[in-house]
Amino acid sequence: GEMKTARGRTTRTKYGSRTQTENGPQSASRRRTSTTVGSREARGTHTSTNAHRPNLPIRGMAPSGSDWKVELFGPKILTKPGTTGMPTPSMLKGEKLVVLYFSASWCPPCRTFSPKLIEFYNNRKDDIEVVFVSSDRDDSSFGTYFGKMPWLAMVPSFVNKEARDRQGKLAEMFKIQGIPSVIVLDHEGKFVTSDGRNDVMKATSDEKQRELVRSWRSKEAVPIEDAVMTQNSGGGLIGKVVMMFLRNPAWIFGLIYLSKKLFKYIEEFGEDDDGKEL
C-alpha cells in the first residue's frame, strides 16, 4: 500500500496536513524523510530517525457498551455515494472484524494501497467489514473515490460539523498521524491492531490472507481505552502541527487559501508593468 520508488523507498501521506513521508529500506536504524505540503506543493523537508517508536495509550475518548458502532461512526453509515445512509447497527452486525480505513483520493499512497485492500476484502468479506474514513474535502472527490470501493463509509467530515467533530475525535482516538492507515477492531468494538496496513501488504496470497484473519481473531482484543497505539516518531514540532490539524480540520481550508494567495502573489510579482514575465 506504500508507493514504491525506483530506489525501493515507500511513500506515506501525513493525515490532515497532507504531508508525505518516504521510508527507506527497513533496518535497525530506519530513516524517514518528511516533505511538508501546502496545497500539494512541496514547501520544505524534515529528516528524523525512526529506530524507536513510542507507545501512546488512549485516554477518555473510547466508546462503551452496545452503542459503540453509533458512537464511533454515527447513526447513519453510507453504502454508496450520493445517499443519506443506512442505520449503522444494521450494517455492522454479526461477528465480522471491523476495519477502519483512513484514506483520501488526493493521497497517492492511498490510491496505491486501495486496490490491495479491495482484493483482500473481496477474498475475506465473510470475515471482515471495512469502513472508509475519508479525508476528502468535497462531495465530488469523495464520491468518485468511494464509488470504486466495495465497502461502507462514514459520513465525510465536510458534510456538517457533527461529522467533522466525529471524524476528528476518531483520528485522535486512534492516534492517526498518516494515511493510509488501517485500524482493526473485533465485532464487539475492542481494539485488535493499528498496524493493519502493513499486515495487508504482507498478505500476498490467499493462504496468507486467511492466516492474517486468523491471527487478528486470535489476538487478545482489548477495550479501546486500554489500547496502546504505536505512533510513528515524526514527533517534535511536525508532530504537534499534525495533531493541531487533526483537532481542527477546518484549518486546512485556511492553509489552502493562504497557499493560493501566496502563489498568486508570486505570479504577479514575476511580471513587469506591461504584464510580461520577467
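Fair warning: this is a prediction, and the values are worked out from it, not measured in the lab.

The subject of this paragraph is the overall build of the protein chain. When helices and strands are tallied, the protein chain shows nine helices and 14 strands. Within the protein chain, buried positions represent 46% of all 278 residues. Restricting to contacts in the protein chain with at least 6 residues of sequence separation, those with at least 24 account for 62%. If you sum the accessible surface of the protein chain, you get close to 14200 Å²; carbon and sulfur atoms cover 50% of it.

Now for the packing of aromatic side chains. Under the definition given, this model contains 10 aromatic pairs. Geometrically, the ring pair formed by tyrosine 121 and tryptophan 151 is edge-to-face, given 5.5 Å between the ring centres and 85 degrees between the ring planes. Separated by 30 residues along the polypeptide, tyrosine 121 in helix 3 (residues 108–124) and tryptophan 151 in the loop between helix 4 (139–146) and strand 10 (152–153) bring together distant segments of the chain. In this structure, tyrosine 121 and tryptophan 151 share a single accessibility class: buried.

Bringing the environment of threonine 84 into the picture now. Along the chain, threonine 84 turns up in the loop between strand 6 (76–77) and strand 7 (86–87). Taking the C-alpha atoms as reference points, threonine 84 and valine 155, 71 residues apart in sequence, are found 8.5 Å from one another. Look past the residues within four positions of threonine 84 in its chain and what remains in contact with it is Lys76 and Leu78.

Another aspect to go through is the confidence of the model for the protein chain. When the pLDDT values of the protein chain are averaged, the result is 75; 63% of them are 70 or greater. Here residues 231–240 scores under 50 on pLDDT; set against residues more than four positions off or in separate chains, the count is 18 contacts.

As for its placement among the helices and strands, serine 157 is situated in the loop between strand 10 and helix 5 (161–173). In terms of polar contacts, serine 157 uses its side chain to reach the side chain of arginine 137, at 3.3 Å. Residues contacting serine 157, with those up to four places away along its chain left out, are Ser134, Asp136, Arg137, Ala163, Arg164 and Gln167.

Moving on, we come to the pattern of salt bridges. By the definition in use, this model includes nine salt bridges. As a salt-bridge pair, lysine 190 and glutamate 188 come within 3.8 Å of each other at their nearest N and O atoms. Since its relative accessible area comes to 30%, lysine 190 is described here as partly exposed. On the basis of relative accessible area, glutamate 188 is assigned to the partly exposed category, the value being 45%. Between arginine 214 and glutamate 211 there is a salt bridge whose closest N-O contact spans 2.9 Å. On the criterion of helical spacing, the pair formed by arginine 214 and glutamate 211 is a turn pair, its members being three residues apart in helix 7 (residues 206–218). A relative accessible area of 42% means that arginine 214 is categorised as partly exposed. Shared partners join several salt bridges into a network, and the residues in it are Arg124, Asp127, Asp206, Glu207, Arg210, Glu211 and Arg214.

Let's shift gears to the pairing of strand 12 (residues 181–185). Here strand 12 lies mainly inside the structure; five of its five residues are buried. Residues Ser181, Ile183 and Leu185 point to one face of strand 12 and Val182 and Val184 to the other, with burial holding for every one of them. Alignment of strand 12 against strand 13 (residues 191–193), held across two bridges, turns out to be antiparallel. Within the sheet, the bridge partner assigned to valine 184 lies in strand 13 and is threonine 193. The hairpin formed by strand 12 and strand 13 contains five residues between the paired strands, and glycine 189 there has a positive phi angle of roughly 85 degrees.

Glancing now at the pairing of strand 8 (residues 97–103). The element strand 8 is extensively covered by neighbouring structure, given that seven of its seven residues are classed as buried. Because side chains alternate across strand 8, one face comprises the buried residues Leu97, Val99, Tyr101 and Ser103, and the other comprises Val98, Leu100 and Phe102, equally buried. Two elements, strand 8 and strand 9 (residues 128–134), share seven bridges in a ladder whose sense is parallel. Across the sheet, valine 99 pairs through a bridge with valine 130, a residue of strand 9. In this fold, the crossover linking strand 8 to strand 9 by way of helix 3 has right-handed handedness.

Our next topic: unusual backbone geometry. In this chain, isoleucine 179 is followed by proline 180 through a cis amide linkage whose omega measures 0 degrees. As for its placement among the helices and strands, proline 180 is situated in the loop between strand 11 (178–179) and strand 12. Positive phi, close to 55 degrees, is recorded for lysine 175, a residue that is not glycine. Structurally, lysine 175 is set in the loop between helix 5 and strand 11.

Criteria and cut-off values
- Residues numbered from 1 in each chain as written.
- Predicted model: local features only at pLDDT ≥ 70, side-chain atom pairs only at ≥ 80, totals over all residues.
- Heavy atoms only, no water.
- Helix = DSSP H or I, 4+ residues; strand = E, 2+ residues; numbered from the N terminus.
- Buried < 20%, exposed > 50% of the residue type's maximum accessible area, 1.4 Å probe, protein only.
- Contact = heavy atoms within 4.5 Å.
- Areas by Shrake-Rupley, 256 points an atom, 1.4 Å probe, with all protein chains shown as cover.
- Phe/Tyr/Trp six-rings, centres within 6.5 Å; stacked < 30°, edge-to-face > 60°.
- pLDDT = per-residue confidence, 0-100.
- Polar contact = N/O pair within 3.5 Å; in protein donor to acceptor, adjacent residues only side chain to side chain.
- Salt bridge = Lys/Arg side-chain N within 4 Å of Asp/Glu carboxyl O.
- Pairing = 2+ DSSP bridges.
- Right-handed = clockwise from strand over helix to strand, strands pointing away.

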